[in-house]
Amino acid sequence: MAAQWESVVTTLVRQRGQSLTRYAWLLSGSADDAADLVQDALVKTFGRLSNGFTVTSAEAYVRRAILTGFLDGGRRRTRWRRIAHLELAPDAIDSPAPASEARIDLQAQLARLTPRERACLVLRYYEDLKVDDIALELGISSGAVKRYLSDGLARMAVALTPEPHPPETQPTPGGINAHRS
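What comes next is a walk through the structure. (Residues numbered from 1 in each chain as written. Predicted model: local features only at pLDDT ≥ 70, side-chain atom pairs only at ≥ 80, totals over all residues. Heavy atoms only, no water.)

Some points on the nonpolar core
Here comes step 1: Core analysis: the biggest nonpolar cluster contains 35 residues, and Leu 12, Leu 27, Phe 46, Val 62, Ile 66, Leu 67 and Leu 138 have the highest contact counts within it.
Here comes step 2: Secondary-structure elements contributing two or more residues to this core are helix H1 (2-28), helix H2 (31-48), helix H3 (55-83), helix H5 (115-125), helix H6 (131-138) and helix H7 (142-160).
Here comes step 3: For Val 62, the contacting residues outside a window of four places in its chain are Leu 12, Leu 20, Ala 41, Leu 42, Thr 45 and Phe 46. (Core = buried A, V, L, I, M, F, W, Y, C linked by side-chain atoms within 4.5 Å. Buried < 20%, exposed > 50% of the residue type's maximum accessible area, 1.4 Å probe, protein only. Helix = DSSP H or I, 4+ residues; strand = E, 2+ residues; numbered from the N terminus. Contact = heavy atoms within 4.5 Å.)

Things to note about the packing of aromatic side chains
Two aromatic rings are characterised by how far apart their centres lie and by the angle between their planes.
Here comes step 1: Tallied over the entire structure, the rule returns zero aromatic pairs.
Here comes step 2: Note that Arg 63 overlies the ring of Tyr 23, its terminal NZ or CZ placed 5.0 Å from the centroid. (Phe/Tyr/Trp six-rings, centres within 6.5 Å; stacked < 30°, edge-to-face > 60°. Lys NZ or Arg CZ within 6 Å of the ring centre and 35° of its normal.)

Points about the side chain of Thr 45
Here comes step 1: Within the secondary structure, Thr 45 is located in helix H2.
Here comes step 2: For Thr 45, a relative accessible area of 1% puts it in the buried group.
Here comes step 3: Within the structure, Thr 45 has its side chain in polar contact with the backbone oxygen of Ala 41 (distance 2.7 Å).
Here comes step 4: Leaving out residues up to four positions away in the same chain, Thr 45 has contacts with Ala 58, Tyr 61, Val 62 and Ala 65. (Polar contact = N/O pair within 3.5 Å; in protein donor to acceptor, adjacent residues only side chain to side chain.)

Some points on the pattern of salt bridges
Here comes step 1: Tallying each qualifying case throughout the model produces seven salt bridges.
Here comes step 2: A salt bridge links Arg 63 to Glu 59, with the shortest nitrogen-to-oxygen separation between them at 3.1 Å. Residue Arg 63 and its partner Glu 59 are both found in helix H3; the two are separated by four residues, about one turn of the helix.
Here comes step 3: Judged by relative accessible area, Arg 63 falls into the buried class, the value being 13%. (Salt bridge = Lys/Arg side-chain N within 4 Å of Asp/Glu carboxyl O.)

Quick word on a negative patch on the surface
Here comes step 1: Together, Asp 32, Asp 33, Asp 36 and Asp 40 make up a region of like negative charge exposed at the surface.
Here comes step 2: The exposure class of Asp 40 is partly exposed, given its relative accessible area of 42%. (Patch = residues over 30% accessible without salt bridge, like charges linked within 9 Å, V, L, I, M, F, W, Y side chains within 5 Å. Areas by Shrake-Rupley, 256 points an atom, 1.4 Å probe, with all protein chains shown as cover. Lys, Arg positive; Asp, Glu negative; His and termini not counted. Charge placed at Lys NZ, Arg CZ, Asp CG, Glu CD.)

As for H5
Here comes step 1: Burial runs high along H5: eight of the 11 residues are buried.
Here comes step 2: When H5 is considered as a whole, its buried residues turn out to be Pro 115, Glu 117, Arg 118, Ala 119, Cys 120, Leu 121, Val 122 and Leu 123.

Considering the packing of H5 against H6
Here comes step 1: Look at H5 against H6: their axes get within 10 Å of each other, and the N-to-C directions meet at 130°. Taken together, H5 and H6 sit at an angle that is classed as oblique. In this structure, H5 crosses over H6, and the sense of that crossing is right-handed. In this structure, H5 contributes Arg 116, Ala 119, Cys 120, Leu 123 and Arg 124 to the contact, and H6 contributes Ile 134, Glu 137 and Leu 138.
Here comes step 2: Tallied by class, the residues present in the contact of H5 with H6 amount to five nonpolar, no polar and three charged. (Axes fitted to C-alpha atoms, helices over the stretch in contact; angles between N-to-C directions. Parallel < 35°, antiparallel > 145°, perpendicular 65-115°, else oblique. Left-handed = near helix turned anticlockwise from the far one by under 90°. Nonpolar A, V, L, I, M, F, W, Y, C, P; charged D, E, K, R; others polar.)

What about the environment of Leu 71?
Here comes step 1: As for its position among the elements, Leu 71 is in helix H3.
Here comes step 2: Separated by 48 residues in the primary sequence, Leu 71 and Ala 119 have C-alpha atoms spaced 7.9 Å apart.
Here comes step 3: Beyond its immediate sequence surroundings of up to four residues, Leu 71 is in contact with Pro 115, Arg 116, Ala 119 and Leu 138.

Read these as geometric descriptors, not functional statements.
Rendered as structure tokens:
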């Protein structure tokens, strides 16, 4: 029995490990966190699995465990944000100049979303799930999924839309200091 689940784990990691890690990276936004999410999901999944699971069915369990692990971490971070203002602030603050560059940083914008918004966007646009499938996956209503998708897309659109530049002034004929005759 032990040899069979070890075979399933080995095959799953060999065949689908990179895909699972990319999925976790899109959710978490960090390669280190993604590796931790996949590792934790494998441990949780194969710590409970009994005989008879295939690589495909095991992958579904691992993906669900990755999503659950990410959402649980988001809840912990939300609780931390409530008291983070009590933490000592550094004396020096980094310059905002790099943040004002005109390049689009999709990963940074994903990181600013709430865990539910981010999960909905990743499930919709990376996993290519329909709204009802996302609702089933997250255990929430279809309306809530639509709201998270709408809010997440709106927040990203606002953040990724370039700021309008004021119209440039046109020089007057004869130059700025032209005298009238």
